[in-house]
Amino acid sequence: MKDTDVRQGTLALMVLKTLDVLGPLHGYGIARRIEQISGDLLTVNQGTLYPVLLKLEQEGSIASEWGASENNRKARFYRLTRQGRKQLQTEARSWEQTAAIIERFFAVKGEDVK
Amino acid sequence: MSLWRELARGLRGLINRPAADRDIADEVEQYVDEAAASFEARGLSPEEARRAALRELGSVTAVREQVRAYGWENIVETTLADVGYAARRLRRYPIHALVAALTLALGIGASTAIFSAVNPVLFQPLPYPDPQRLMLIWDGQGGSRLDVTFGTYRELIARNRSFNAMAVMRPMQPTLAGVAEPERLDGEYVSADYFRVLGVRPALGRDFEAADDPPYDPNGPFVAIVSDTLWRRRFNADPTLVGRQILLNDIPVTVIGIMPTGFENVLSPQSEIWSTLRYDPALPFNGREWGHHLRLVARVRPEIDLDRASHELQEIAKAQLPDFERPQWASLQDGFIAHSLQDELTRSVRPALVAIVGAVILLLTIACVNVTNLLLAQGASRRGELSVRTALGASRARIIRQLLAETLLLASIGGALGIVLAHTTVDALVALSPPGLPRSNAIVVDRTVLAFTAGLTTVIGLLVGLLPALNGFRASGPGGAPQQSTRIASGHQLTRRCLVVVQVALALVLLVAAGLLLRSVQRLFAMPPGFDPTERLTMQVQVAGQRFRDAETSHRFFDSVLEAVRQVPGVTAAAFTSQLPLSGDEEAYGVHFESTPPAAAEEDPSAYRYAVSPGYFAAMGIPLRTGRALDSHDGAGAPLVAVINESFARRRLPGLNPIGQRLHIGPNSGPWFTVVGVVGDVTQTSLAVTRSDAVYLTAPQWRFTDNARWLVVRSQADAAALAPAIRRAIAAIDRNQPIIRVATMEERVRASAADRRFALLLFEAFATTALILAAIGTYSLLSGSVTERTREMGVRSALGASRLDIVALVFRQGLTLTGLGIGIGLGGAAVASRALVTLLFGVTRLDSATYAGVATLLLLVSILACAMPAWRAARVRPSVALRFE
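So, how was this worked out
Residues numbered from 1 in each chain as written. Chains lettered and ligands numbered in written order. Predicted model: local features only at pLDDT ≥ 70, side-chain atom pairs only at ≥ 80, totals over all residues. Heavy atoms only, no water. Helix = DSSP H or I, 4+ residues; strand = E, 2+ residues; numbered from the N terminus. Rg over C-alpha atoms; globule rule 2.2 N^0.38 Å. Contact = heavy atoms within 4.5 Å. Areas by Shrake-Rupley, 256 points an atom, 1.4 Å probe, with all protein chains shown as cover. Lys, Arg positive; Asp, Glu negative; His and termini not counted. Charge placed at Lys NZ, Arg CZ, Asp CG, Glu CD. Polar contact = N/O pair within 3.5 Å; in protein donor to acceptor, adjacent residues only side chain to side chain. Nonpolar A, V, L, I, M, F, W, Y, C, P; charged D, E, K, R; others polar. Patch = residues over 30% accessible without salt bridge, like charges linked within 9 Å, V, L, I, M, F, W, Y side chains within 5 Å. Salt bridge = Lys/Arg side-chain N within 4 Å of Asp/Glu carboxyl O. Buried < 20%, exposed > 50% of the residue type's maximum accessible area, 1.4 Å probe, protein only. Pairing = 2+ DSSP bridges. Phe/Tyr/Trp six-rings, centres within 6.5 Å; stacked < 30°, edge-to-face > 60°. Lys NZ or Arg CZ within 6 Å of the ring centre and 35° of its normal. pLDDT = per-residue confidence, 0-100. Axes fitted to C-alpha atoms, helices over the stretch in contact; angles between N-to-C directions. Parallel < 35°, antiparallel > 145°, perpendicular 65-115°, else oblique. Left-handed = near helix turned anticlockwise from the far one by under 90°. Core = buried A, V, L, I, M, F, W, Y, C linked by side-chain atoms within 4.5 Å.

Engineer: Describe the overall build of chain B, and please don't skip the residues or the numbers.
Structural biologist: Across its full length, chain B carries 26 helices and 23 strands. The C-alpha radius of gyration of chain B comes to 38 Å, more than 25% above the 29 Å expected for a compact globule of 885 residues. Structurally, chain B occupies a C-alpha span of about 135 × 80 × 55 Å along its principal axes. Considering only contacts in chain B between residues 6 or more positions apart, those separated by 24 or more positions represent 81%. On chain B, roughly 39,600 Å² of surface is accessible, and the fraction owed to carbon and sulfur atoms is 59%. Put simply, chain B has 88 plus and 81 minus side-chain charges, and the middle of one group is 9 Å from the middle of the other.

Engineer: Could you give an account of the interface of chain A and chain B, naming the residues involved and the relevant values?
Structural biologist: Taken together, the contacts link 25 residues of chain A with 22 residues of chain B. At the junction of chain A and chain B, the tally comes to 2 residue pairs in polar contact (both at pLDDT 80 or more). For the side of chain A that touches chain B, the element with the highest residue contribution is helix 3 (residues 46–59) of chain A, accounting for 9 residues. When the residues that make up the side of chain A that touches chain B are grouped by side-chain class, the tally is 9 nonpolar, 9 polar and 7 charged.

Engineer: Outline a nonpolar patch on the surface, supporting the account with residue identities and numerical values.
Structural biologist: Together, Ile101, Ile102, Phe105 and Phe106 of chain A make up an exposed nonpolar region whose accessible area comes to about 490 Å². Along the polypeptide, Ile101 of chain A turns up in helix 4 (residues 82–107).

Engineer: Can you lay out the pairing of strand 14 (residues 571–577) of chain B for me, pointing to particular residues and giving the numbers?
Structural biologist: Residue and element names in this part refer to chain B. Of all 7 residues that make up strand 14, 6 are buried, and the element is covered over most of its length. In this sheet, strand 22 (residues 708–715) lies alongside strand 14 in antiparallel orientation, the contact comprising 6 bridges. Directly across from Ala574, in strand 22, lies its bridge partner Val713.

Engineer: Go over the packing of aromatic side chains with me, naming the residues and quoting the values.
Structural biologist: All names here are of chain B. A full pass over the atoms with the stated rule returns 21 aromatic pairs over all chains. Measuring from centroid to centroid gives 6.5 Å for Tyr128 and Phe263, while their planes differ by 50 degrees, and the two rings are tilted. Note that Tyr128 is positioned in the loop between helix 6 (94–123) and strand 1 (134–139) and Phe263 in the loop between strand 9 (251–258) and strand 10 (273–276), a separation of 135 residues in sequence. Taken as a pair, Tyr128 and Phe263 share a single burial class, namely buried. Ring-pair connections join several aromatic residues into one group, and the members of that group are Tyr128, Tyr194, Phe195, Phe208, Phe263 and Trp274. Looking at Arg703, its charged tip hangs above the ring of Trp702, at a distance of 4.5 Å from the centre.

Engineer: Residues and numbers for the pairing of strand 12 (residues 336–340) of chain B, please.
Structural biologist: Residues and elements named next belong to chain B. Among the 5 residues that make up strand 12, 4 are buried, leaving the element largely enclosed by the rest of the structure. Note: strand 1 against strand 12, 5 bridges, orientation antiparallel. When the bridges of strand 12 are listed, Met135 appears paired with Ser340.

Engineer: With reference to specific residues and values, describe unusual backbone geometry.
Structural biologist: All names here are of chain B. You will see that Ala237, though not glycine, has its phi angle at about 55 degrees, which is positive. Within the element layout of this structure, Ala237 appears in the loop between helix 9 (228–235) and strand 8 (245–248). Owing to a relative accessible area of 23%, Ala237 belongs among the partly exposed residues under this scheme. The phi angle at Arg278 is positive, at roughly 60 degrees, despite the residue not being glycine. With respect to the secondary-structure elements, Arg278 resides in the loop between strand 10 and strand 11 (295–300).

Engineer: Got a sec to walk through the confidence of the model for chain A? Specific residues and values, please.
Structural biologist: Counting all residues, the mean pLDDT for chain A is 80, and 87% of those residues have values of 70 or more. Note that residues 1–5 of chain A has pLDDT below 50 and, in this model, 6 contacts with residues that lie over four places away or in other chains.

Engineer: An account of the packing of helix 7 (residues 150–159) of chain B against helix 10 (residues 306–318) of chain B is needed here, citing residue identities and associated values.
Structural biologist: All names here are of chain B. The N-to-C vectors of helix 7 and helix 10 enclose an angle of 115 degrees; their axes lie 11 Å apart at closest approach. Of the possible angle classes, the one that applies to helix 7 and helix 10 is roughly perpendicular. Remark: the crossing between helix 7 and helix 10 carries right-handed chirality. Residues Glu155, Leu156 and Arg159 of helix 7 touch helix 10, and the partners they reach there are Glu312, Leu313 and Ile316. When the residues that make up the contact of helix 7 with helix 10 are grouped by side-chain class, the tally is 3 nonpolar, no polar and 3 charged.

Engineer: Please provide a residue-by-residue account of the side chain of Glu272 of chain B, values included.
Structural biologist: Residues and elements named next belong to chain B. Counting through the fold element by element, Glu272 comes out in the loop between strand 9 and strand 10. Engagement of the side chain of Glu272 in a polar contact is seen with the side chain of Thr229, the distance being 3.3 Å. Excluding anything up to four places from it in sequence, Glu272 contacts Leu185, Asp186, Gly187, Ile225, Val226, Ser227, Thr229, Leu230 and Arg233.

Engineer: With reference to specific residues and values, describe the nonpolar core.
Structural biologist: Of all hydrophobic cores here, the largest spans 65 residues; its most connected members are Ile114, Ile356, Leu510, Leu517, Phe763, Phe766 and Leu836 of chain B. Among the elements of the structure, helix 6, helix 12 (350–381), helix 14 (396–432), helix 16 (491–526), helix 22 (754–788), helix 24 (803–832) and helix 25 (848–874) of chain B are those that each provide at least two residues to this core. Top element by residues in this core is helix 16 of chain B. It accounts for 15 residues. Not counting chain neighbours up to four residues away, the residues in contact with Ile114 of chain B comprise Ile356, Val357, Val360, Leu429, Leu762 and Phe766 of chain B. Core analysis: the next-biggest nonpolar cluster, separate from the first, contains 33 residues, Val15, Tyr28 and Tyr78 of chain A together with Val32 of chain B among them.

Next up, the structure:
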């Protein structure tokens, strides 16, 4: 796995958070936002993003409808549903927990275990 | 919920594909537009912006494909696309596809037909409730299976604790009179519990009750149960038949029940009518109650296992009680032989069937190997295509999936053709099957068989496709440039060579088996039957009805038949016998010679009893060794005389002159017969059984009257053609007496080896197919190899190799493989032939002549298979070769 690739589960969380923060957004907007937040460490394109969007939509976390983009193009806008918001909260919490645990592990220095 | 939504979305996508596609296309397009707009905002020109956006995205089509690969509906779609592509490819190489599909059809068809034949015998349970609890019980006298006596049956009923119910039966062949022609039926006399033991009840009317089976009384009343087929055929399915009387052998019999449709009577499949046995429970020692002629079937209690039940039987046999007196010939000293009904039914045919199943598996394997080989050969030529696909981004799994779709499609076509083939051959198979094959009426291509074939086809499709698919993928990997295929002899050649070796080896195993069987059958027919089978017509003539209750009338009828038959033009001799060699009859009696000390009486042998008319030996061509034949003076009032066969005399009367010796036939309380002559040995049951002891006497001197007798007619030429004239002659005397089982003696000799001939026929068919497939395999390999090495051949001939050198090159390649295959096959055959042992006769399973002959045949065929490619190779001109690419 290249380091610019994103795991699907992680990407789903990023999508949810993006929609939570920015409100309804189309695919390109989501991709750019994720790249922007990551400081261009991640590249996301339609091929990786679309399956995640489809999956989230099936799970009912997001919903979509066609609308007009800022460039006045017909675009599909994705928005967070109530269920999605709940999912985001649960996943954010578990992610924070995981991150905290991992952090503590790395914080342990050699002499601490002696 | 989510599953439902997923399904609905997938279906929507499938049904409204264009709309779904447009949706995706729109979204991808919009994505590109947005990206382009953002590049434009950074100062690029519109064209440059768009190009940059596309560069960033990669191929729009690729992205769309990637997006489309999501969801189950897309898997369905790509699969359909794979199948469509596979179909187009098969159509593009029709000959190749045809050969492959036909090869598979042969393998699958043969397997399906054989499976449908062996399924009811070897695998399906019998069509009764709890069939595994049914047992067949024999008197184990002398270690062989002997029918039980009624007396033994009564003792077992009274003493056993392991069985729910027991029943005995014996065949009957009554003549049914009616509006139409009199018809001779097959049926059984049964004890009242017969159908209860089987667990089947009549569909109409009632079952037999104990009251229906009293001791025999000529005035009846008689009752019968008829089969569904008889009810429909003779009585137009009239339900009022129950309670009505029909005329059986001129005796009124009341029909009390009709068996259900589809009732299968495995113990006597031809039976259409059943009546009660009516034996005397007082069990007089000189009556039929102590004759060994009943089959005993029993149902074991649910809580008892079969071994325990069998054990109890042995205990009963050992411990004789004063309440149950036994005559000396039914002393049960050797215990019982008891096994499950299913095992007993299939016992005689199991070895042949297992061997045949083995053969068909070999054939199927050869067919699969052959098709694999064909696909590999084609794989070489499509390496270019696969390389291109890989270069365009097809994944390994995707390529393998597509290649498997092709072989699965091929296998499906082969399977469909195979089912058609099986359907058409299965009837022929049943017609050819030996008469001993149980449940042959249950042999059909049914749902089980179709499920088997479907499963087999899938497995074959995957197996056959696996090697070529893996090979194809390897070849399509990096470096497998499209143009290399004509220059290098690559790894797949090695695989293909191994496959050809396997094929040759398997074909050799089948050929050896067929060869051994062929020699067995030849040896068998070379056995002297003891009589002269040429130009002898035989048929069974029966008398039935009130008129013939009197023995005199019966004898007179047969005498006048003989007179009339002798008048028929073309007839040179005619005689009657109570049982005919190789007819399936087996009626034997214990024979006690006066010269044998009483102490040795327990070892008295049993011999076949023939009640014959004077002139029987001449009519059959049985040679007289010493003494005289039976003649017309040996009538009812004359001294009792007998003729025995020579090996019997040699063994039982060593050092004595057999003429003048006296013997008992059956119970020792009977009268003495004096031996007046000795004839040659005659085979009674089968050509393979060399020793059958015989006692011949005249019909009037025997204590019972045989109402069914075999007529033997000898003619100068074409005995079979005499049948109508003889029928007419007998009908002129009494047109109501049925004539049955008409066949020439030569036909009987052939039929007596039916099981071996059946196995031989199938093995010959399989082995021939295997030989052809092996030849095709070798040919296609060499031919492919010559094509690939055209350049090499050209270079060789340019460098001065003669045509002979090149021919030798090809032959060396081909014959090395064949030689290897033959070597491995000989080893395999030596092991596999163990399964054939019971079918062999007069040859050992390692018969060197057979092995050598078969190896030579295979070698010759493979030389033929090499010749064509070698000839082509020899004609390669250097100039052509150098321009080949």
